[in-house]
Amino acid sequence: MSAAGPLIHARGLVKTFGDLTAVDAIDFDVRRGEAFGFLGPNGAGKSSTMRMIGCVSPPTGGELGIFGLDPVRDGPRIRARLGVVPQEDTLDNELTVRENILIYGRYFGLPRREARARAERLLEFVQLAERANDRVDALSGGMKRRLTIARSLVNDPELLLLDEPTTGLDPQARHAVWDRLFRLKQQGVTLVLTTHYMDEAEQLCDRLVIMDRGRIAEEGSPLELIRRLSTREVVELRFEGATPAVDAARLNGLVARTEVLPDRVLLYTDDGDALVPVAHAQLHPQSVLVRRSTLEDVFLRLTGRSLID
Amino acid sequence: MDYPLRAYEYYLTSYRRVWRGSVVTSIVNPVLYLTALGVGLGSIVNRGSSPLGIPYLDYVAPGLMAAVAMQIAAAECSWPVMAAVRWTRQYHAMLATPLRARDIVVGHQLWVASRVASSATVYLIVIAAFGVVRSPLGILALPVTVLVGAAFSAPIAALAVRVRNEATFVALFRFVIMPMFLFSGIFFPVARMPHALRVVAYLTPLWNGVYLCRNLTLGTAGLWLSLANVGYLLLWAGAGLALAFRFYRWRLVR
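Here the structure is a predicted model, which is why all the values come from computation and not from measurement. (Residues numbered from 1 in each chain as written. Chains lettered and ligands numbered in written order. Predicted model: local features only at pLDDT ≥ 70, side-chain atom pairs only at ≥ 80, totals over all residues.)

Asks: Please clarify how the overall build of chain A should be interpreted in this entry.
Replies: For chain A, the count of helices and strands is 10 helices and 13 strands. Along the first, second and third principal axes, the C-alpha set of chain A runs to 75 × 45 × 35 Å. The proportion of buried residues among the 309 residues of chain A is 43%. Here the analysis covers contacts within chain A between residues at least 6 apart in sequence; of these, 70% occur between residues at least 24 apart. (Helix = DSSP H or I, 4+ residues; strand = E, 2+ residues; numbered from the N terminus. Buried ≥ 20, exposed ≤ 12 C-beta atoms within 10 Å, placed from the backbone. Contact = placed C-beta atoms within 7 Å.)

Written as C-alpha cells, this is what we have:
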C-alpha cells in the first residue's frame, strides 16, 4: 500500500470469544496525522479493536491492515512502529522511572546509549525528569500514566494507541495528559484512542466512531455528530417538586426533542434564547439553564441511558 | 536469538536489585546442607562398614546439586510467570514491542538457566572444597545441572502460564517437587524402595539428574547410560519448551 493510503484499514472486522461477539463486522480507516477515537460504553468492543490493531489479538474475520501490513503475519514489524498505552499499566514498580524506559527501549533493539538519550528527552517531555531515579511505586496515578506515555514513545512511533488514557485520573492529571497528547498530535503523530469521556473525545479527536455492542453506530467529527444527531443547544429545566409532563407541540415548534429525567427535563433546540421565555411561561420551572449541545447528548441518545457494565 | 536476549535483559535489570541476598543464599545453603547431612548424618551412616561403599557426604552432595537446579527452576517459573501475566503484567509490556510470545518464553528460560548455572557453579566449588569431587569429570556436573533446571523450568512455565489459581502451585510443590526431592535417590539409593516406586523414581527427571551428577563427581559414569540420562532430560526440556511456546501464545495472544 502506498504512503498515501490509510494507516489503518479495516473492513468487516470481527472478533469473537467463544459465543461472545466482541466486535461485529466494523469498517473504518485511520489517516496519517489524525486523532481518531473509539467512543462507547463498557463492553462496546473498543478494547478488543485496540488489541487487534496492537497485533496481540488475531482477528476472527474480515480485513485489517496496519501500515499496509498484515497484523497476524507481520506483528513484530508493525509493533516496531507502534506505541501502546494500555488500559492497565504494565510498568515495573520495582524499577526506577528511568529504568522502565531504558528496558523498554531495549525491547525495541535500541543501543544503550540511544535508549538513555531518549529516556532523558522523554522524561523532560512528560515532566518527570526530576523523578528519574525514583522507584515507580512511589509515583501517583497521573505520573504513572505520563510515564507510560513517555515509555510508549521510546521507539518514535508513527502511530500511538491509547486505551482509555485518562480513566481514573483526577482533573489536573487528565489535563496534563491531554496537554501532552495534544503536543504529540501537533508533531504529526497519529493518535488512536478509546474513551468513554465525551469531553476527552471532543478535546482530542478529529474524527471518531461511536461503538455500541460491537458495532459502529455513528462516525464523523465531533461537530458533525452533534449537528447531525443533536440540536445546537439544550435547555435544562429543573422543577420544585414533581416534574410536569411536557408537551413539545405547545412550545411554539422550537423543540426538536424532549427528554424527561428524574431530576430535570431536557429540551433539545436550535434556539435556546427564544425558547427560554416560552418555557418559563408554559412550564414554570424553578431554574433554567441553556447550554451547548455536547457529544454526551449524542452518545446518550445513541446508546441509551441504561447502565451497561 | 536477538529478540529473546532483549527479554533476558529485563530479568538481568530486575535482578540487579536483589542479587546480594541471592548470592549469600546460594553459598550459605549448600554449606548448611552439607554440614548437616554429610558431616552430621554421615557420621552415623558411615559407622562400621558403609553400605554405600563411599562416605555419605560423597554420596549425598552431587545429588543435592541436581536438587538445587530443580528448586530454582520451580521457584522462578511458578509465581513469577503468573505475576508476569497478571500482576506486574511484564509479559504484556514485552508483547507490545517487537517481541513475540516465543521470545518471551526463551528469554525467561535463558534467565532461569543462568540462575541455575551461577548457583551450580558456587555449589560445585563448595563441594570441591569439601573434597567430594573425586574425578575431573565432575566439571561436567555443571552443564548437567543446567539441563536438570531446564527439564523443570520449561514444563513448569508452560503449566504456570495456564493456571487460574495459585493453589495449583501449592499442590505442585507439595505433591511433586517435595516428594521428588525425597525419593529420587539423593539421600538413599532408589534400589531400597519397592519395585513400583523404583520405576516411578527412574521416570523422574530429577533421578536422572541426580544419578548422572553423582556418577560424574565420583568418576563412575558409563558413556551409554549417561547419554540415556542426558537424552531423557533433553526430552523433558524440549517437550516443556514446545508446550510453553503453545501455551504462552494461547494465554497472551487471544
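That shown, we press on.
Asks: How should the domain arrangement of chain A be read in this particular structure?
Replies: Note on interface size: it is often stated as the accessible area lost on association of the parts. Residue and element names in this part refer to chain A. Domain parsing of chain A yields domain 1 (8-226) and domain 2 (230-303). Centre-to-centre, using C-alpha coordinates, domain 1 lies 37 Å away from domain 2. With 13 residues of domain 1 at the contact, the number on the domain 2 side is nine residues. At the level of secondary structure, the elements contributing two or more residues to the side of domain 1 that touches domain 2 comprise α7 (198-204), β8 (207-212), β9 (215-220) and α8 (222-229). Residue composition of the side of domain 1 that touches domain 2, grouped by class: nine nonpolar, one polar and three charged. (Domains from an automatic or database assignment. Nonpolar A, V, L, I, M, F, W, Y, C, P; charged D, E, K, R; others polar.)

Asks: Even after reading the chapter, I still don't get the sheet that holds strand β1 (residues 8-17) of chain A, so can you show me in this structure?
Replies: Residue and element names in this part refer to chain A. The three strands are arranged β2-β1-β4 in an open sheet whose pairing can be described as antiparallel. Strands at the two margins of the open sheet, each flanked by one partner only, are β2 (20-30) and β4 (61-66). Neighbouring strand axes in the sheet, compared pairwise and without regard to direction, differ in orientation by 25° on average. Relative to β4, β1 is paired through five bridges, and the arrangement is antiparallel. Each bridged residue has a counterpart across the sheet, and for H9 the counterpart in β4 is G65. Together, β1, β2 and β4 form the strand contacts of helix α1 (residues 46-53), whose direction differs from that of β1 by roughly 120°. (Pairing = 2+ DSSP bridges. Axes fitted to C-alpha atoms, helices over the stretch in contact; angles between N-to-C directions.)

Asks: Would you explain unusual backbone geometry in this entry?
Replies: When glycine is set aside, most residues are seen to have a negative phi, and most peptide bonds are trans. Residues and elements named next belong to chain A. The backbone phi angle of C55 is positive, close to 60°, even though this residue is not glycine. As for its placement among the helices and strands, C55 is situated in the loop between α1 and β4. Among the residues examined, C55 registers 27 C-beta atoms within 10 Å and is labelled buried. Even without being glycine, F67 reaches a positive phi, approximately 55°. Looking at the element boundaries, F67 is found in the loop between β4 and α2 (75-79).

Asks: Is there a simple way to think about the pairing of β8 of chain A in this case?
Replies: Along any regular strand the residues' side chains alternate between the sheet's two faces. Residue and element names in this part refer to chain A. Across four bridges, the pairing between strand β3 (residues 35-39) and β8 is parallel. Considered in β8, the bridge of F38 is made with V209. With five bridges connecting them, β8 and β9 associate as antiparallel partners. The residue of β9 that forms the bridge with I210 is E218. Turn length for the β8-β9 hairpin, with the two strands adjacent in sequence and antiparallel, is two residues, and the turn residue R213 shows positive phi of about 45°.

Asks: How should the nonpolar core be read in this particular structure?
Replies: The nonpolar side chains of soluble globular proteins are, as a tendency, buried together. Of all hydrophobic cores here, the largest spans 151 residues; its most connected members are L161 of chain A together with M65, M70, A73 and A157 of chain B. Considering every element that reaches this core, the biggest residue donor is helix α3 (residues 56-77) of chain B, with 16 residues. Counting only domains with at least three residues in this core, you end up with domain 1 (8-226) and domain 2 (230-303) of chain A. Every residue in contact with M70 of chain B, bar those within four places of it in the chain, is listed here: V148, F152, I177 and L206 of chain B. Counting residues in each nonpolar core, the second largest holds 11 residues, with V235, L237, L267 and L275 of chain A among its members. (Core = buried A, V, L, I, M, F, W, Y, C linked by C-beta atoms within 7 Å.)

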